[in-house]
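Coordinates in review
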Amino acid sequence: SRGRFEEAARAYSRVLETHRRVLGPDRRETVGVMNNLAVVYWRMKRYSNAETLLTQAIEVHRRQLGEDHPTTLNALGTLALVYSDQGRHADAAALHRRILELRQRSLGEAHPSTLRSMNNLAVALTGLKSYDEAAAIFARLIAMYVQLQLQNDPGFAIAIHSRGELNIARSN
């Protein structure tokens, strides 16, 4: 698997270099390749590389699409996951909190992306050992899935699993 990521990183790097030179650094296609390469770097645990590319991509997304555009928010979410994997739980939680606020405002409470953001924030808070706040978010999230009759949605299973991880962390 590691070899496939190395191969993907080399390929995306070549494509990114070409896109920057031919299309320019701010073209949607170029930024899309930056995002893809950042995800590959993240999976390879090359966090510094992933963070650099994501930060650049987020700045272009903010300028061109706005802070609350789904593409911008998805890139911010990936950056928050990179932070979490580095143990930077406070940074991750702050970013997830901001993403959740923006999604609540633009998409509403019941949108699947908003529900996913609630789960991501609660997971980050678990990493921070902010167990009470995480538990409150999980309780609200699970109740929302039930109220919306979305118990068959994969997000519901993820929320149940994540709450279980919180309970394990609390008991240690």
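Just so it is clear, the structure is predicted and the values come from calculations on it, not from any experiment.

**Brief notes about the nonpolar core**
Across soluble globular proteins, nonpolar side chains have a tendency to be buried as a group. In this structure, Y41, L53, L95, M118 and L141 are the most contacted members of the largest nonpolar core, which totals 48 residues. Elements represented by at least two residues in this core include exactly α1 (2-22), α2 (28-43), α3 (47-65), α4 (70-85), α5 (89-107), α6 (112-127), α7 (131-147) and α8 (154-171). Those residues in contact with M118, other than ones at most four positions away along the chain, are L100, I137, R140, L141 and M144.

**Details of the confidence of the model for the chain**
Summing up the model confidence of the chain, the mean pLDDT is 95 and the portion of residues at 70 or higher is 99%. α7 holds the highest mean pLDDT among the elements of the chain, 97, whereas α1 holds the lowest, 93.

**Side note on α2**
In this model α2 runs 23 Å from its N-terminal to its C-terminal C-alpha over 16 residues, within 8% of the 22 Å that 1.5 Å per residue would give. Turning to α2, its buried residues are T30, V31, V33, M34, N35, L37, A38, V40, Y41 and W42. Residue K45 follows α2 closely and has a positive phi angle near 65 degrees.

**Details of α8**
The first and last C-alpha atoms of α8 sit 26 Å apart over 18 residues, in line with the 26 Å expected at 1.5 Å per residue. Those residues of α8 that sit buried are G155, F156, A159, S162 and L166. One side of α8 carries all its buried residues, which in axial view fall inside an arc of 125 degrees. Summarising the geometry of α8, the exposed residues directed more than 90 degrees from the buried face are P154, H161 and S171. Where α8 is buried, its residues contact α6 and α7. Of the residues that open α8, the one with a side-chain oxygen 2.7 Å from the backbone nitrogen of G155 is D153.

**Comments concerning unusual backbone geometry**
Of note, K45 is a non-glycine position whose phi angle comes to about 65 degrees, a positive value. Within the secondary structure layout, K45 lies in the loop between α2 and α3. Positive phi, close to 65 degrees, is recorded for K129, a residue that is not glycine. Examined against the element boundaries, K129 turns out to sit in the loop between α6 and α7. Overall, the relative accessible area of 60% leaves K129 in the exposed class.

**Side note on the environment of S48**
Following the sequence through the fold, S48 ends up in helix α3. Separated by 27 residues in the primary sequence, S48 and A75 place their C-alpha atoms 15 Å from one another.

**Brief notes about the packing of aromatic side chains**
The relation between two aromatic rings is expressed through the spacing of the ring centres and the mutual angle of the planes. Here the structure, examined in full by the defined rule, presents 1 aromatic pair. Measuring from centroid to centroid gives 5.8 Å for Y145 and F156, while their planes differ by 70 degrees, and the two rings are edge-to-face. Pair noted here: Y145 is in helix α7 and F156 is in helix α8, with a separation of 11 residues, a long-range link. Considered together, Y145 and F156 belong to a single accessibility category, that of buried residues. Lying over the aromatic face of W42, R43 brings its terminal NZ or CZ to 4.4 Å of the ring centre.

Calculation criteria
- Residues numbered from 1 in each chain as written.
- Predicted model: local features only at pLDDT ≥ 70, side-chain atom pairs only at ≥ 80, totals over all residues.
- Heavy atoms only, no water.
- Core = buried A, V, L, I, M, F, W, Y, C linked by side-chain atoms within 4.5 Å.
- Buried < 20%, exposed > 50% of the residue type's maximum accessible area, 1.4 Å probe, protein only.
- Helix = DSSP H or I, 4+ residues; strand = E, 2+ residues; numbered from the N terminus.
- Contact = heavy atoms within 4.5 Å.
- pLDDT = per-residue confidence, 0-100.
- Expected span 1.5 Å × (residues − 1).
- Arc of directions from axis to C-beta.
- Polar contact = N/O pair within 3.5 Å; in protein donor to acceptor, adjacent residues only side chain to side chain.
- Phe/Tyr/Trp six-rings, centres within 6.5 Å; stacked < 30°, edge-to-face > 60°.
- Lys NZ or Arg CZ within 6 Å of the ring centre and 35° of its normal.

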